[in-house]
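# A closer look at the structure
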Amino acid sequence: MGKKFYFNAFEMNCPVHQSPGLWAHPKDRAWQYKDLEYWTDLAKILEEGYFFAIFIADVLGYYDVYKKDWRVAVENGIQIPVNDPLQIAAPVAQATKHIGIGVTSSTTFEHPYTFARRIATADHYTKGRIGWNVVTSHFDSAARNNGKTKLPEHNLRYEIADEYLEVIYKLLEGSWEDDAVVRDREKRIFADPDKVHEIGHKGKYFEVPGIGLTEPSPQRTPFLFQAGTSEAGRNFAAKHAEAVFASSFEKQELKEYVSDIRKRAADNGRDPKKVLVFVLITIVVDETDEKAYSKLEEYQKYISVEGGLTLLSGWTGFDFSRTDSPEDIKIDSDTSIASTKHFADRGGTTEDIAKWVGIGGAGPTFVGSAKKVADELQEWVEETDVDGFNISYVVAHETFKDIVKYLVPELQRRGVYPTSYNEGTLREKLFGYSKLPDTHPAARYRDIEKVKKEKKLS
Ligand SMILES: Cc1cc2nc3c(=O)[nH]c(=O)nc-3n(C[C@H](O)[C@H](O)[C@H](O)COP(=O)(O)O)c2cc1C
């Protein structure tokens, strides 16, 4: 039997996430993103297939690199309009029992004090099923509209993110002791002030002197996702993340990434097996190979090339309207989140690349019968040591329904995929414990008085 692995659904609270143009497919439901039923239906489908989590990407800006204009993005619904991901969490939790809900939030715009309350509230209402995808943002449009003239430079964003997490840990791990809330009716004491601590944070970027606003939630700090690719990003992921999202088209490259992240985690004194890596893919599966390929062909008719070029331009920071040849692409390393190498290496014209990105975005697509796709997934797991797949959809919710109907039973028969959920919080389901372990940097802030004393002495 091979190594067991997990599935994660890669979603976004908007009509077009990774498959530009497919919103026009008659079966597509993504345009219903603003109805709660869209999300609760999806979560129920995924839970039947034992998906580990539904994970919702987010941006606080828009795609205006292509043709230096946001109009193309708006016309094609490319990640705009985009709703707040966190508001989906509680209704999804109420409609399901186990599936995790991962939400993306950036450390570059919202203050950590208000965010700590928002994420802790969600952890309460989901009974500990919340994950947070920590991103630092890459759109100048997000900066311009959020009180900054320009994004802080790439490595500085990670430096700010590191202090942001320190504030979050202090608030969520250190401010309120486990037994601070006593609810003593006779003595008329709701919470014991001696067990609630001011965090006294005075750093380079944030100042938070007082106490946290929330009582401890089931996980305290939410389950932490991240997707660092650069040197600074990898170091950040290895220090903080419990699951990392990777984007890779080649097994060799992914293998190196997985082993690099595990090594860096071990260098941080963490258990490298407690940093899971999920790679971005798309799956088109049906009863037979022929049916799956004809389904793919039918999907491809709906791809929007302009939409694909809009995504590519936003991801690379390079305006794809300026060239027909991938060789001319020059990425802006400060605002890019994708390597042009992946696109340029494919050859063809930029239009060919856009069409190829049109199905599922910047990851490989596996097409065929359950047997064929299962063989390929197992090969990827065995050869790269990756822990799971972050699956983007082509047609909502058909893609996930097909996976649950055809592929999941085949993987379960092979003994490489979950057949049940463990009880408890998201972290507990995966790792068997609800709170971050002592080897995680957050643990240090549990004794906040000691941290304050040490700071005074230094
Ligand atoms: C699967 C995946 C999902 C991501 N989701 C988001 C997102 O929702 N919002 C965002 O601003 N960035 C997102 N990113 C970008 C990453 O946060 C990160 O900026 C990128 O991987 C480049 O790494 P670097 O910042 O270390 O250079 C995602 C990346 C990957 C691979």
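Refer to the preceding data block for the structure.
Notes on the structure follow. Just so you know, these numbers come straight off a predicted model, no measurement behind them.

Thresholds, definitions, all that
Residues numbered from 1 in each chain as written. Predicted model: local features only at pLDDT ≥ 70, side-chain atom pairs only at ≥ 80, totals over all residues. Helix = DSSP H or I, 4+ residues; strand = E, 2+ residues; numbered from the N terminus. Rg over C-alpha atoms; globule rule 2.2 N^0.38 Å. Buried ≥ 20, exposed ≤ 12 C-beta atoms within 10 Å, placed from the backbone. Contact = placed C-beta atoms within 7 Å. Pairing = 2+ DSSP bridges. Right-handed = clockwise from strand over helix to strand, strands pointing away.

In this section: the overall build of the protein chain. When helices and strands are tallied, the protein chain shows 16 helices and 13 strands. Taking 458 residues into account, the globule formula puts the C-alpha radius of gyration at 23 Å, and the protein chain, at 22 Å, falls close to it. Seen through its principal axes, the protein chain has C-alpha atoms that stretch 70 × 50 × 40 Å. Every one of the 458 residues in the protein chain was classed for burial, and the buried ones make up 51%. Counted over contacts in the protein chain with a minimum sequence separation of 6, partners at least 24 positions apart contribute 76%.

Burial analysis of strand β2 (residues 53-57) places five of its five residues in the buried class, which makes it a mostly covered element. Neither face of β2 is exposed, since A53, F55 and A57 on one face and I54 and I56 on the opposite face are all buried. Taken together, the five bridges between strand β1 (residues 6-12) and β2 define a ladder with parallel strand orientation. For N8, the partnering residue across the bridge sits in β2 and is A53. Crossover handedness for the path β1 to helix α1 (residues 36-48) to β2: right-handed. Bridge analysis of β2 against strand β3 (residues 100-106) gives four bridges, and the strand direction is parallel. Within β3, the residue paired with I54 across the bridge is I101.

Any functional reading would require information beyond the geometric quantities listed.
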